[in-house]
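# Close look at the chain arrangement
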Amino acid sequence: MKHIKLLILGSGPAGYTAAIYAGRSGLTPVLYEGLQPGGQLTTTTEVENFPGFPEGIDANELMDNMRSQAERFGCQFVPNMAVKADLSKAPYHLWFDDNSEVTCDCLIIATGASAKYLGLADEEKYRGQGVSACATCDGFFYRKKTVAVVGGGDTACEEASYLAGLAAKVYLIVRKPYLRATQIMQERVLNNPKIEVLFEHNTVGLFGENGVEGAHVVYRKGETDERRYDIAIDGFFLAIGHRPNSDLFTPWVKTDETGYILTEGDSPRTGVPGVFAAGDVADPHYRQGVVAAASGAKAAIEAERYLATL
Ligand code: NDP
């Protein structure tokens, strides 16, 4: 079985930055890229708040640049996804979706987070036929059509604004009477004539013969003035937050109640010697590319120190 000194799981800003730092330290890391090379940022369009790019940068270009930078310092990339782990003792053991297995001395978990769904049976029924959790990936299919975005945070506002540039009309379905998004994002949405915000609304189902043709919504569910009605839409986009991809590791590393890996203080140490967590999988608070990148750097520095003790 192949043995790797430093294995990095995940190809978002945390994983690539850890690879850049570890590569420059001569550790020749091996990075498993998972199902979504480039991570969550590749599902967005323009990144305007990553320092160093005063005019903003295309998200895919930013991630490609990080990957090239890691490659320059000797990182090896493997396009597989981990499906099982055993961190009970070193060397740590990992299994992948191509049936390969490896052991490693040191592991950086940078597996990120995945989009959440409402849990409606109709989301499954129409997945790929009008239901999506990525406006940037699928918005193109809804040019001049009507779509709905669910959520009231920054992601929902960003997705709604992006879709408004393509679609004829966008409903933003918000369960509370207010948006949670930052002021600038709220203003963009509220000032966009193509976006209609449906405050205090929940979606209870979708319908359509050939893919999504509409949504069943409820206004002020459970209140005396509750009102149920249907809206005609062609696409239904989820933007209600994310779930950390930590399931494989929870028998060994501590997590909070929602699954985010808990690390020691401000460090990326998980409590398992030589196992570090970086990026969104361990960050329920900030979830920003630049924060993930910084935590990847910390994890690589810790990994280098740990490996020096072996
Ligand atoms: P958030 O957790 O901030 O917001 C999730 C939204 O979805 C909330 O409005 C929440 O409602 C709603 N929601 C959750 N579950 C349900 C449900 N079952 N039914 C209906 N609505 C639901 O997630 P985001 O993905 O928007 O943002 C995550 C982080 O990333 C934030 O820190 C954000 O600031 C950041 N971000 C920054 C961006 C930028 O700076 N350009 C872009 C995108 C994200 P409720 O308010 O009622 O809980």
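Residues numbered from 1 in each chain as written. Predicted model: local features only at pLDDT ≥ 70, side-chain atom pairs only at ≥ 80, totals over all residues. Heavy atoms only, no water.

### Quick look at the overall build of the protein
Keep this limit in mind: Secondary structure is summarised from DSSP: a helix means a run of H or I of at least four residues, a strand means a run of E of at least two, and numbering begins at the N terminus for each. Note that the radius of gyration is over C-alpha atoms, with the globule rule given as 2.2 Å times the number of residues to the power 0.38. Using a 1.4 Å probe on the protein chains alone, a residue whose accessible area is under 20% of its type maximum counts as buried, one over 50% counts as exposed, and one in between counts as partly exposed. The contact criterion used is simple: two residues touch if any of their non-hydrogen atoms lie within 4.5 Å.
Helices and strands together make up the secondary structure of the protein, namely 7 helices and 19 strands. By the compact-globule yardstick of 19 Å for 310 residues, the protein fits well, its C-alpha radius of gyration being 21 Å. Across its three principal axes, the protein shows a C-alpha extent of roughly 65 × 40 × 35 Å. For the protein, buried positions account for 49% of its 310 residues. Residue pairs in contact within the protein that sit at least 24 positions apart in sequence constitute 59% of those at least 6 positions apart.

### Some points on the packing of helix α1 (residues 13-24) against helix α7 (residues 289-308)
The condition is simple: The convention used is that axes are lines fitted to C-alpha atoms, helices contributing only their stretch in contact, and that angles between N-to-C directions extend from 0 to 180 degrees. Handedness of a crossing is defined here by the sense of rotation of the near helix relative to the far one, left-handed for an anticlockwise turn of less than a right angle and right-handed for a clockwise turn. Under the scheme applied here, ten amino acids are nonpolar (Ala, Val, Leu, Ile, Met, Phe, Trp, Tyr, Cys and Pro), four are charged (Asp, Glu, Lys and Arg), and all others, including Gly, are polar.
Axis separation between α1 and α7 bottoms out at 7 Å; the angle between their running directions is 40°. Considering only the axes of α1 and α7, their crossing is right-handed. Along its contact with α1, which presents Pro13, Ala14, Thr17, Ala18, Tyr21 and Ala22, the element α7 presents Gly289, Ala292, Ala293, Ser295, Gly296, Ala297, Ala300 and Ile301. Here the contact of α1 with α7 is built from residues that sort into 10 nonpolar, 4 polar and no charged.

### What about the pairing of strand β12 (residues 169-173)?
Here is the rule we go by: Strands are labelled as partners when DSSP assigns at least two bridges between them. Crossover handedness is defined here as right-handed if the route from the first strand over the helix to the second strand goes clockwise, with the strands pointing away from the viewer.
Counting buried residues in β12 gives 4 out of 5 residues, a clear majority hidden from the surface. Sheet topology places strand β11 (residues 146-150) next to β12; 5 bridges connect them, and they run parallel. The residue bridging Val150 from the neighbouring strand is Ile173, located in β12. As for the winding sense of the linkage, the β-α-β connection from β11 through helix α5 (residues 154-164) to β12 is right-handed.

### Here's the deal with the pattern of salt bridges
For clarity, the cut-off: Every case where a carboxyl oxygen of Asp or Glu lies within 4 Å of a side-chain nitrogen of Lys or Arg is listed as a salt bridge.
What the rule picks out here adds up to 11 salt bridges. With a shortest N-O distance of 3.0 Å, Arg269 and Glu302 are connected by a salt bridge. Within this pair, whereas Arg269 is found in the loop between β18 (242-244) and β19 (275-277), its partner Glu302 is found in helix α7, the two being separated by 33 residues in sequence. Residues joined by salt bridges that share partners form a network here, namely Glu200, Arg220 and Asp225.

### Thoughts on helix α2 (residues 59-72)
Inclusion rule: Expected span of a helix, by definition, is 1.5 Å for each gap between consecutive residues, and there is one gap fewer than residues. As used here, the arc is the angular range of directions from the helix axis to the C-beta atoms.
The end-to-end C-alpha distance of α2 is 20 Å, a good match for the 20 Å that 14 residues give at a rise of 1.5 Å each. For α2, the complete set of buried residues consists of Ala59, Leu62, Met63, Met66 and Ala70. Take α2 and look down its axis: the buried residues cluster within an arc of 95°, on one side only. For α2, the secondary structure elements touched by its buried residues are α1, β3 (46-47), β4 (57-58) and β5 (76-78). Immediately beyond the C-terminal end of α2, within one or two residues, lies Gly74, with a positive phi of roughly 95°.

### Some points on the site of the ligand
Under the convention used in this document: The cutoff for a nearby residue is simple: one of its non-hydrogen atoms must lie within 4 Å of the molecule or strand. A 3.5 Å cut-off defines polar contacts: any pair of N or O atoms within that distance qualifies, except that in protein one atom must be a possible hydrogen donor and the other a possible acceptor, and neighbouring residues in sequence count only when both atoms are side-chain atoms. The method behind every accessible area is Shrake-Rupley, applied with a 1.4 Å probe, and residues are considered shielded solely by the protein chains displayed.
What surrounds the ligand is a group of 18 residues, the closest being Gly152, Asp154, Thr155, Lys176 and Arg180. Between the ligand and Gly153, the relevant distance is 3.3 Å, taken from an oxygen atom to a main-chain nitrogen or oxygen of the residue. The separation between an oxygen atom of the ligand and a polar side-chain atom of Thr155 is 2.6 Å. The protein chains hide 79% of the 920 Å² of surface that the ligand would expose on its own. By residue number, the principal contributor to the shell around the ligand is α5, which donates 3 residues. Class assignment of the residues belonging to the shell around the ligand gives a composition of 4 nonpolar, 8 polar and 6 charged.

### Thoughts on α1
Between its first and last C-alpha, α1 extends 16 Å over 12 residues, near the 16 Å set by a 1.5 Å rise per residue. Within the span of α1, buried status applies to Pro13, Ala14, Gly15, Tyr16, Thr17, Ala18, Ala19, Ile20, Ala22 and Gly23. The inward-facing, buried residues of α1 abut β1 (2-9), β2 (30-32), α2, β5, β8 (101-109) and α7. Looking at the residues trailing α1, positive phi occurs at Gly26, about 80°.

### Some thoughts on the sheet that holds strand β15 (residues 214-219)
Strand order in this open sheet of 3 strands is β14-β15-β16, and the pairing throughout is antiparallel. Unpaired on one side and paired on the other, β14 (201-207) and β16 (227-232) mark the two borders of the sheet. Strand-to-strand twist of the sheet, defined as the mean angle between neighbouring strand axes without regard to direction, takes the value 25°. Pairing between β14 and β15: 6 bridges, direction antiparallel. Each residue of the ladder has a partner; that of Leu206, found in β15, is Ala215.

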